[in-house]
Amino acid sequence: MGVRRTLDVDEVLKRQESGELKRRLRGRDLIGFGVGIIIGTGIFTLAGVEAKTHAGPSVTLSFVIGAVVAGLAALCYAELASSVPTAGSAYTYAFATLGEIFAWIIGWDLLLEFALGAAVVSRSWSGYLANLLGLSPDWFGEDAKVNVGAVLIIAVLTVVAVVGIKESSWLTNVLVLVKVAVCVLILAVGVFFVKGSNLTPFVPPAQPPSSSANALHQPVVQAALGLEQSVYGIAGMVTAAAVVFFAYTGFEALANLGEETINPRKDLRVGILGALAVCAVLYIGVSIVLTGMVHYTDIDSGAPLADAFDRVGQHWVGALISLGAVTGLTSVMMVELVTIGRIGFAMGRDGLLPKAIGTAHPRWGTPHRMTIGGAALIAVLAAFVPISALADMVSIGALSAMIIVAVAVPVLRKRRPDLKRPFTVPFSPVLPIIAAVACFYLMLNLDVMTWIRFAAWLVIGLLIYFFYGRKHSRFAK
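None of the values given here were measured: they were computed from a predicted structure. (Residues numbered from 1 in each chain as written. Predicted model: local features only at pLDDT ≥ 70, side-chain atom pairs only at ≥ 80, totals over all residues. Heavy atoms only, no water.)

Chemist: What exactly am I supposed to notice about helix H13 (residues 315–349) here?
Modeler: Because each turn of an α-helix spans 3.6 residues, side chains separated by three or four positions end up pointing in the same direction. Look at H13: 52 Å from first C-alpha to last across 35 residues, which is about the 51 Å you get at 1.5 Å a residue. Of all 35 residues making up H13, 30 are buried, and the element is well covered by its neighbours. (Helix = DSSP H or I, 4+ residues; strand = E, 2+ residues; numbered from the N terminus. Expected span 1.5 Å × (residues − 1). Buried < 20%, exposed > 50% of the residue type's maximum accessible area, 1.4 Å probe, protein only.)

Chemist: Where do I start with the pattern of salt bridges in this structure?
Modeler: Side chains bearing opposite charge may pair, as long as their charged atoms lie close to each other. Under the counting rule described, the total for this entry stands at 3 salt bridges. Glu-79 is paired through a salt bridge with Arg-413; the nearest N and O atoms lie 2.8 Å apart. A residue pair is termed long-range when its members are at least 10 positions apart, and Glu-79 in helix H4 (residues 59–83) and Arg-413 in helix H15 (residues 392–415) qualify at 334 residues. Judged by its relative accessible area of 2%, Glu-79 is buried. When its relative accessible area of 24% is taken as the criterion, Arg-413 is described as partly exposed. Close ionic contact of Asp-307 with Arg-311 constitutes a salt bridge, the shortest N to O distance being 2.8 Å. With a gap of 4 residues between them, Asp-307 and Arg-311 both fall in helix H12 (residues 304–311), about one helical turn apart. (Salt bridge = Lys/Arg side-chain N within 4 Å of Asp/Glu carboxyl O.)

Chemist: Would you mind going over the confidence of the model for the protein with me for this structure?
Modeler: Interpreting fine coordinate detail is not advised for predicted regions of low pLDDT. Summing up the model confidence of the protein, the mean pLDDT is 81 and the portion of residues at 70 or higher is 87%. Mean pLDDT values for the elements of the protein range from 59 in helix H1 (residues 9–15) up to 94 in helix H16 (residues 430–444). (pLDDT = per-residue confidence, 0-100.)

Chemist: Any chance you could explain H12 here in plain terms?
Modeler: Restricting attention to buried positions, one finds in H12 the residues Pro-304, Leu-305, Ala-306, Ala-308 and Phe-309. At the exit of H12 stands Gly-313, carrying a positive phi of roughly 80°.

Chemist: Which parts of the structure should I look at to understand the side chain of Gln-314?
Modeler: By the element assignment, Gln-314 lies in the loop between H12 and H13. Residues in contact with Gln-314, not counting those within four places in the same chain, are Phe-193 and Phe-309. (Contact = heavy atoms within 4.5 Å.)

Chemist: Help me understand the state of the cysteines in this model?
Modeler: Structurally, a disulfide amounts to a covalent bond that connects the sulfur atoms of two cysteines. For the structure on display, the rule yields 0 disulfides. Cysteine Cys-76 remains unbridged, with the sulfur of Cys-439 as its closest cysteine sulfur at 8.4 Å. For Cys-76, a relative accessible area of 1% puts it in the buried group. (Disulfide = S-S within 2.5 Å.)

Chemist: Sorry, what's going on with a nonpolar patch on the surface here?
Modeler: Taken together, the side chains of Leu-61, Val-64, Val-68, Phe-202, Val-203 and Ile-234 define a hydrophobic patch exposed on the protein surface, amounting to about 450 Å² of accessible area. With 3 residues, H4 is the largest single contributor of residues to the nonpolar patch. Examined against the element boundaries, Phe-202 turns out to sit in the loop between helix H8 (165–190) and helix H9 (220–225). Classification of Phe-202 as partly exposed rests on a relative accessible area of 33%. (Patch = residues over 30% accessible without salt bridge, like charges linked within 9 Å, V, L, I, M, F, W, Y side chains within 5 Å. Areas by Shrake-Rupley, 256 points an atom, 1.4 Å probe, with all protein chains shown as cover.)

Chemist: What is the right way to look at the nonpolar core in this model?
Modeler: Counting 139 residues, the largest nonpolar core has Phe-251 and Ile-321 as its most contacted members. In terms of residues, this core owes the most to one element, helix H6 (residues 100–133), which gives 17 residues. (Core = buried A, V, L, I, M, F, W, Y, C linked by side-chain atoms within 4.5 Å.)

Chemist: Is there a simple way to explain the packing of H6 against H15 in this structure?
Modeler: Packed helix pairs are characterised by how far apart their axes lie and by the angle those axes make with each other. Where H6 meets H15, the closest approach of the two axes is 8 Å, and the angle between their N-to-C directions is 150°. Taken together, the axis directions place H6 and H15 in an arrangement best described as roughly antiparallel. Note that H6 runs across H15; the crossing there is left-handed. Contact residues: Phe-102, Ile-106, Asp-109, Leu-110, Leu-112, Glu-113, Leu-116 and Gly-117 in H6; Met-393, Val-394, Gly-397, Ala-398, Ser-400, Ala-401 and Ile-404 in H15. For the contact of H6 with H15, the per-class residue count stands at 10 nonpolar, 3 polar and 2 charged. (Axes fitted to C-alpha atoms, helices over the stretch in contact; angles between N-to-C directions. Parallel < 35°, antiparallel > 145°, perpendicular 65-115°, else oblique. Left-handed = near helix turned anticlockwise from the far one by under 90°. Nonpolar A, V, L, I, M, F, W, Y, C, P; charged D, E, K, R; others polar.)

Rendered as structure tokens:
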């Protein structure tokens, strides 16, 4: 009972030298993985939706705020990932610094983030494919009773993810090149159709929401302070920042690949910071072009970018955007499936999930059981559940994990000052504290219903932990 339930850092470092997972990835592969998972629903859908519903043209500043907060968190991830390169990322960092129960909470949150994110993206992919090829809405898209398209893409990508990490990275890098090319096309063509009048006022004045106010859909910070619910203005811009933070989630997935990276102490920080920088530039540029081409009140919520180019007569660009969306969302799902496998692998290895999950395939060297099990859950969600209302939970899960990572940086420095740190967060502990506070503030700008759902997920996770994980943990003995 008196045993301190924290992982020894030296043991973690020995694990990543064990070779159970095969080392095949380089820095460029990690940047490809990062861009692959970050650029997706955010750039093709969220920019337009949040401009129309919350922020107007100032959605550009929302993406800037999101980039700053994600950048602060990325610095913390980069230090820990280069110092303790391992599968499990934030889960393992929490285990080595704050203890087992915090590690479980973070692992559980990350599984929520990536599983729900993959289900959302697979449904979006199905809809874009139906649009592009004229497929039946009875089987493809959000209106389908059983979304067969979403299930099929998850099944195909699961096979690729199980067969091998190098094959996954090769496919992801190809898809990323197509996706980035489409983003560059949007900027190169769209800039000629930007109208200054559409960008004025850049921060629209605050106003009551058009629909009847619902306390459960009010941002927590507004509800707590007793403020009247509103959209646009500064408050709307910050609320949009909390929502579009979903668009930046994914860079943390790279920290799960420490045991499969050839030179993790160097390449992990290159991959994390490089991918985030590329995506931030593209997001900010595309959001300026979009809100400059179409007045924010007239933006189409379903396919904002394709519709914007259709409005100015550039239908060929709209078709290419649909193609880019299909390829872009494919790469997002690929990386999310890979990440779920690595998190479950780490938790199974520590006994918090069944031990069988924490083993790698003898031939392919991938955590096949967790990848297949996670994909089965994602397929069920994607087939039957219209989960657009749950998209904010991806943000709240990611932000909560980033708070733990930020706290772990100064804690690990105090406990292990001798640890080799190829990359260090400047001005620690000040910057990690700022990162944690900024993440928490964005969480407070998500609505009350999101917090209720998040609390329910945590309660389920804690029940599993106390009735199974704690009893079967390595520390139970």
